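If you want the building blocks of each chain, they are given just below.
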Amino acid sequence: MRFSEAFQETMFRFKLKGTDLAEQSGLTPTQISDFRNGKNLRIDSVEKLLDAMPRDARLYMLQLVANEDTDRVPLPKRSDGENALDP
């Protein structure tokens, strides 16, 4: 899966907001939006974006990119064994 597709899926699954990620990463909201829509980012920008994401979301996104067999992977478990999105 392409990075931009994995990013879009991760934002949806983890309910991440582009404006929050822009603020935390130092990227502009336009850069975030462009990436979500398939435009390329420089590798240093992708690294900033990954650093700004919650750990579970970052791991999920990288698993999507690495896994060629599926569009989705199971959500990571929290330390208490529950699904990362469960309250």
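Please read all numbers here as calculations on a predicted model, not as lab measurements. (Residues numbered from 1 in each chain as written. Predicted model: local features only at pLDDT ≥ 70, side-chain atom pairs only at ≥ 80, totals over all residues. Heavy atoms only, no water.)

## Re the pattern of salt bridges
And then number 1: Applying the stated criterion to the full structure yields two salt bridges.
And then number 2: The partner of Arg-13 in a salt bridge is Glu-9, and the shortest N-O contact between them spans 3.4 Å. Here Arg-13 pairs with Glu-9, and both are found in helix 1 (residues 3-13), just four residues apart, close to one helical turn. Both residues of the pair, Arg-13 and Glu-9, belong to the buried class.
And then number 3: Measuring nitrogen to oxygen at the nearest pair gives 2.6 Å for the salt bridge that ties Asp-44 to Arg-42.
And then number 4: We classify Asp-44 as partly exposed; its relative accessible area is 25%.
And then number 5: With a relative accessible area of 60%, Arg-42 lands in the exposed category. (Salt bridge = Lys/Arg side-chain N within 4 Å of Asp/Glu carboxyl O. Helix = DSSP H or I, 4+ residues; strand = E, 2+ residues; numbered from the N terminus. Buried < 20%, exposed > 50% of the residue type's maximum accessible area, 1.4 Å probe, protein only.)

## Structural notes on the environment of Ser-33
And then number 1: If you trace the backbone, Ser-33 turns up in helix 3 (residues 29-36).
And then number 2: As a C-alpha pair, Ser-33 and Thr-19 span 14 residues in sequence and 9.3 Å in three-dimensional space.

## Observations concerning unusual backbone geometry
And then number 1: Positive phi, close to 55 degrees, is recorded for Lys-15, a residue that is not glycine.
And then number 2: Position of Lys-15 relative to the elements: it lies in the loop between helix 1 and helix 2 (18-25).

## Quick look at helix 2
Residues three or four positions apart in an α-helix share a direction because the helix packs 3.6 residues into each turn.
And then number 1: Every buried residue of helix 2 is accounted for by Gly-18, Leu-21, Ala-22 and Ser-25. Looking straight down helix 2, one finds its buried side chains confined to an arc of 105 degrees; they lie on one side. Away from the buried face of helix 2 by more than 90 degrees, exposed residues Thr-19, Glu-23 and Gln-24 are located.
And then number 2: Buried residues along helix 2 sit in contact with helix 1, helix 3 and helix 4 (43-52).
And then number 3: Just downstream of helix 2 lies Gly-26, where phi reads positive at about 85 degrees. (Arc of directions from axis to C-beta. Contact = heavy atoms within 4.5 Å.)

## Remarks on the confidence of the model for the chain
And then number 1: Of all residues in the chain, 77% have pLDDT values of 70 or greater, and the mean over the chain is 83.
And then number 2: Within the chain, the element-level pLDDT minimum falls on helix 1, averaging 90, and the maximum on helix 2, averaging 94. (pLDDT = per-residue confidence, 0-100.)

## Focus: the packing of aromatic side chains
And then number 1: Evaluation of the coordinates by the stated rule reveals two aromatic pairs.
And then number 2: A ring pair is formed by Phe-7 and Phe-35, whose centres lie 5.1 Å apart and whose planes are at 35 degrees; its orientation type is tilted. Note that Phe-7 is positioned in helix 1 and Phe-35 in helix 3, a separation of 28 residues in sequence.
And then number 3: Its relative accessible area of 3% is what places Phe-35 among the buried residues. (Phe/Tyr/Trp six-rings, centres within 6.5 Å; stacked < 30°, edge-to-face > 60°.)

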